[in-house]
Each structure stands twice: as C-alpha cells, then as structure tokens.
Amino acid sequence: MADMIPAQAPRGGAVATKGLDDEARQLALLIGGVTDYAIYMLDPNGYIRSWNPGGERIKGYSEREIVGQHFSRFYTREDVERGEPARGLATARAQGKFEAEGWRVRKDGSRFRASVVIDPIWQEGELIGFAKVTRDVTERYEAQQRLIDAQKALVQSQKLEAIGKLTLGLAHDFNNLLTVIVNSLDLITLKNSDDPRVQEWTEAAQRAADRGTLLTRQLLAFARGQNLAPEVHDINDLLARSAEMYRRACGSAIQFRLELADALPPVDVDMAQFEAGILNLVANSRDAMPTGGTIVVRSSTVETAPPSAPETTPRLYVAVDVIDDGHGMSMEVADRATEPFFTTKDVGRGSGLGLSQVFGFAAQSGGFATLDSEPGRGTTVRVCLPVIGGRPNG
Ligand SMILES: Nc1ncnc2c1ncn2[C@@H]1O[C@H](COP(=O)(O)OP(=O)(O)OP(=O)(O)O)[C@@H](O)[C@H]1O
Ligand SMILES: [Mg+2]
C-alpha cells in the first residue's frame, strides 16, 4: 500500500533536524494562516489533535474547546446514526483518501454545506492519524440549487407553452365537431320516437356532449390563458338560460334548485366563460353526491371587500353561489383544489381544470371566488363579479 501513503511529514527524511524544525514550523505557520479551510488532525480513533483558525471560522469552536473532542460532533445526527464519521475514516484508511460533500453542523447548531477531504497519515507502516480539510461550500451549493430550480421552471414553462398551443388547436376542432353533435341531438329529441329507450339514449348522448363542450371550453380557457370577451349581462338571465343544461348535468338522483335574486345590477362578463364556470361547479357538486342530494344555484348582490385585500373599501358584487350537501373536501384537497390539473377523480372523469378555470375567470373579470368546504358537510363555491359602477364612491 506504499503508493497510498500521502506525503505527510516534511519531505526528505534525511535532512538535518534544524531543517526539519524549520519546515515543520513553516507548515504550522502556513496552516495557522489559512482561514478559508478548516485544516486539522485526528488521531486514529477520530479525536481532534490540532485546529486552525479556518476551523474556528467555519465551525465556530476555538482550539481550546475542540482539541480532544471526537470529530463526529461536526456531523448531523442522522449522519452519525448512519455511521458516516466512521465510514469516512475507514474509507480514507483503506483507499488512501476520502472525499465527500455533505451537511455539517456548526457550534451554534446551524448547518453548512461542507466539502471534505480526509487523508490517512502513516509512519513506518503504522496509522498515526488523519489529516482533515473541510471547506464551506454553502454559497456555491445554494447557487447551484437556484440554477437547477430556474432550469426546471424554464423547462416547465416551455412545456406548458407547447401544451397550450397544441391544446388550442385541438380544442377549436373539437368544439366545431361538438356543435354538430349537440345540434343533431336537439333535432332528434324534437322528433318523437315511440321507443322510450331512444329518449334515454339521446339524453345520455346529450349529457356526454355537454361534458365535451365544457371540457373544450376549459381547454380553450387554459390554452389562451383566458382571454375574456366581456359584455354587459344580467346574471339572472344567464342562469335562467342555462338552467336546463345544469339540471341535465345533475342527473335524476339529484335535486337542482335555482334561487334567483329579485333583481340584479348588470355586470361585465364573458358569457361563455361564466356558463362554463357554473356548469363546472354544478358538475363538481354532482360528483360529490354519488347517492343523491341537493344542488342550489343562488344569485344575490353583496357588498364586500375581496378576501385578497380585506382592508379596502367594500364594493358591490353580484354573487353566484353553487351549494351542495355532498361529501365535501378534506383540508388537503381544499388547499390544492384550485390548482390547475389537481384532481382526485379517475382518469377520464376529471382533468382538474374546473376550479382553476372558475377562480381564474372570476379574478380576470375583476372579481374573485371563494371556496367553503368541510368533510361531510358539503361545499359552497361563491363567484363574485363586480357590479358596473358598484364602487361606493362612484
Ligand atoms: N363540490 C365539491 N365537493 C367535493 N369536492 C370537490 C368539489 N368541487 C371540487 N372538489 C374537489 O376538487 C378537485 C378539483 O376540482 P376541479 O373542478 O378543479 O377538477 P375536477 O372536477 O377533478 O376535474 P374537471 O373539473 O377538470 O373535470 C376535485 O377533483 C375534487 O376532489
Ligand atoms: Mg370539476
């Protein structure tokens, strides 16, 4: 193992004692002047024998405190439990060197990223200890991590952009196909058939087509980043117009009720997005009530400040509540429910875009949406759209 013995002692064993003294002193001076590296010696069992100012600067211990202590105190508890300190020494001894990067602990308990080299020191074939050099590479490590994060975010945004373009094209084509399907189904229902099953089949096909329409609208909204085409509307009119579609989406096991306010002030809103949004919410409520229940869609005027800026002066909104008495959401689900592509539903049953469309649409319309849900106690989603000129002062 001769080739693995590092040059530890001053070179040339035959030099005069004075020369050796000089060289040793110089070396000690050199090490004593290094502050960027912790350079110290361990005995064969890992107890610290010497210390330098770099050690004090990086790890926080003075020479008096640390000499005689075991070097494992620089390791994290998990690393000590895994036997890392002993492994480092054993590797250095067996392979002539141990090099690694990992987390270490300062005297004050804080952690730093350390680059570590351990060399065994042999004298006449006998291991007399180890030389250990530690460098604090926290800044470099953190810069690397930030770079990796930035690269990931870039890839993600490029991916999203590509998906967006593809989605836009597909959704447009699909929308055209669905228009033909929906129109044809409407015509079929007008032609009375003697066979009651035909009625059933047509209704099932209509429901599927409605779901398809909803999906393509979600996809369009997602791909375009929701470019809205707002116009002045009475929300009650919009709700009444789509009531049949909402009722159909509920299916027969669920009671659907529309509770419209007596009169509503006008709002500026993209009609297609609004209808898709409410249909999304109704579909969510239906999915939360597999054994039946009640869905209420209610409109009202409210004076409030948005939850994102509660200290601002309240203003007027038209609120649409979609209320169900279904299974509700756990806190974890509620926390993530409005994220795009978050879904708890099986593949093909949910794309996870519904609530993100609703919340995005509400915000882009100058309003906001809120979610109120508890496991076993149902869910209410409220969409608030700003009343035109509904500011208290104008
Ligand atoms: N009314 C509700 N009751 C209980 N859980 C709900 C309700 N609405 C939404 N959720 C939960 O939030 C998740 C996200 O809803 P979201 O509408 O965004 O997507 P989705 O319904 O899963 O799919 P998509 O609407 O795109 O078809 C749902 O998967 C469900 O777990
Ligand atoms: Mg949904």
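Residues numbered from 1 in each chain as written. Chains lettered and ligands numbered in written order. Predicted model: local features only at pLDDT ≥ 70, side-chain atom pairs only at ≥ 80, totals over all residues. Heavy atoms only, no water.

Caption draft 1: Representation of the UniProt feature "domain: PAS" (unreviewed entry) in the protein in the model. Following the UniProt record, the feature "domain: PAS" (unreviewed entry) maps to residues 23-81 here. Secondary structure content for residues 23-81 is 46% helix and 10% strand, while the C-alpha to C-alpha distance between its ends is 40 Å. (UniProt positions renumbered as here; feature names shortened; annotations may be inferred. Helix = DSSP H or I, 4+ residues; strand = E, 2+ residues; numbered from the N terminus.)

Caption draft 2: Fine view of the domain arrangement of the protein. Under the domain assignment, the protein is made up of domain 1 (2-136), domain 2 (138-225) and domain 3 (228-394). Its C-alpha centre places domain 1 at a distance of 65 Å from the equivalent point of domain 3. (Domains from an automatic or database assignment.)

Caption draft 3: Examining helix α8 (residues 235-250) more closely. The largest bend along α8 reaches roughly 50° and is located at A243. Among the residues making up α8, those that are buried are I235, N236, L238, L239, S242, A243, Y246, A249 and C250. For α8, the N-terminal capping position is held by D234, with its side-chain oxygen 2.9 Å away from the main-chain nitrogen of N236. Following α8 by one or two positions, G251 adopts a phi angle in the positive range, close to 80°. (Bend = angle between axes of the 7 residues up to and from the residue. Buried < 20%, exposed > 50% of the residue type's maximum accessible area, 1.4 Å probe, protein only. Polar contact = N/O pair within 3.5 Å; in protein donor to acceptor, adjacent residues only side chain to side chain.)

Caption draft 4: Structural detail: the pairing of strand β9 (residues 315-324). Counting buried positions over the 10 residues of β9 gives eight, a clear majority of the element. Both strand β8 (residues 293-304) and β9 contribute to a ladder of 10 bridges, which runs antiparallel. Note on β9: the bridge partner recorded for S299 is V320. Pairing of β9 with strand β11 (residues 379-386) involves eight bridges; the strand directions are antiparallel. Looking at β11, one finds that A319 is bridged to C384. (Pairing = 2+ DSSP bridges.)

Caption draft 5: Region of interest: the side chain of D79. Position of D79 relative to the elements: it lies in helix α4 (residues 77-81). On the basis of relative accessibility, which here comes to 12%, the residue D79 falls in the buried class. Those residues within four positions of D79 in sequence are excluded, and the remaining contacts are E84, P85, W103 and R104. (Contact = heavy atoms within 4.5 Å.)

Caption draft 6: Broad picture of the site of ligand 1. Of all residues adjacent to ligand 1, which total 22 residues, the nearest are N284, T343, T344, K345 and S351. The side chain of T344 places a nitrogen or oxygen atom 2.5 Å from an oxygen atom of ligand 1. The backbone of G354 places a nitrogen or oxygen atom 3.2 Å from an oxygen atom of ligand 1. Computed on the free molecule, ligand 1 has an accessible area of 590 Å², of which 96% lies beneath the protein chains in the complex. The residue inventory of the shell around ligand 1, partitioned by class, reads seven nonpolar, 12 polar and three charged. (Near = heavy atom within 4 Å. Areas by Shrake-Rupley, 256 points an atom, 1.4 Å probe, with all protein chains shown as cover. Nonpolar A, V, L, I, M, F, W, Y, C, P; charged D, E, K, R; others polar.)

Caption draft 7: Spotlight on the confidence of the model for the protein. Taken residue by residue, the protein gives an average pLDDT of 87. The fraction at 70 or more is 92%. Low confidence marks residues 1-17, where pLDDT is under 50. Its contacts with residues over four positions away, or in another chain, come to 16 contacts. (pLDDT = per-residue confidence, 0-100.)

Caption draft 8: Molecular detail of the nonpolar core. Membership of the largest hydrophobic core comes to 35 residues, with the highest contact counts inside it found for I235, F274, I278 and V282. Taken together, the elements giving at least two residues each to this core come down to α8, β6 (254-259), β7 (267-269), α9 (271-287), β8, β9, α11 (354-364) and β11. Excluding residues that lie within four positions of it along the chain, F274 makes contacts with I235, L238, L239, V269, V320, F361 and L385. Counting residues in each nonpolar core, the second largest holds 21 residues, with I58, F71, F112 and V116 among its members. (Core = buried A, V, L, I, M, F, W, Y, C linked by side-chain atoms within 4.5 Å.)

Caption draft 9: Seen up close, the packing of aromatic side chains. Applying the stated criterion across every chain, the model contains eight aromatic pairs. With centroids separated by 5.5 Å and ring planes inclined at 90°, the aromatic side chains of F71 and Y75 adopt a geometry described as edge-to-face. F71 gets classed as buried once you look at its relative accessible area, which sits at 0%. Here Y75 falls in the buried class, since its relative accessible area comes to 6%. Ring pairing ties together the aromatic residues Y40, W51, Y61 and F74, which thus form one cluster. The ring of Y75 carries R104 above its face, with NZ or CZ at 3.8 Å from the centroid. Cation over ring: R315 sits above Y317, and NZ or CZ is 5.6 Å from the ring centre. (Phe/Tyr/Trp six-rings, centres within 6.5 Å; stacked < 30°, edge-to-face > 60°. Lys NZ or Arg CZ within 6 Å of the ring centre and 35° of its normal.)

Caption draft 10: How the structure looks around the sheet that holds strand β10 (residues 368-373). Taken together, the five strands give an open sheet; going across it, the order is β6-β8-β9-β11-β10, and neighbouring strands pair in mixed fashion. What marks the edges here is a single partner per strand, and that holds for β6 and β10. Sheet twist, expressed as the mean angle between neighbouring strand axes with direction ignored, is 20°. Each of β10 and β11 is contacted by α11, which is oriented at about 30° to β11, the strand it contacts most. (Axes fitted to C-alpha atoms, helices over the stretch in contact; angles between N-to-C directions.)

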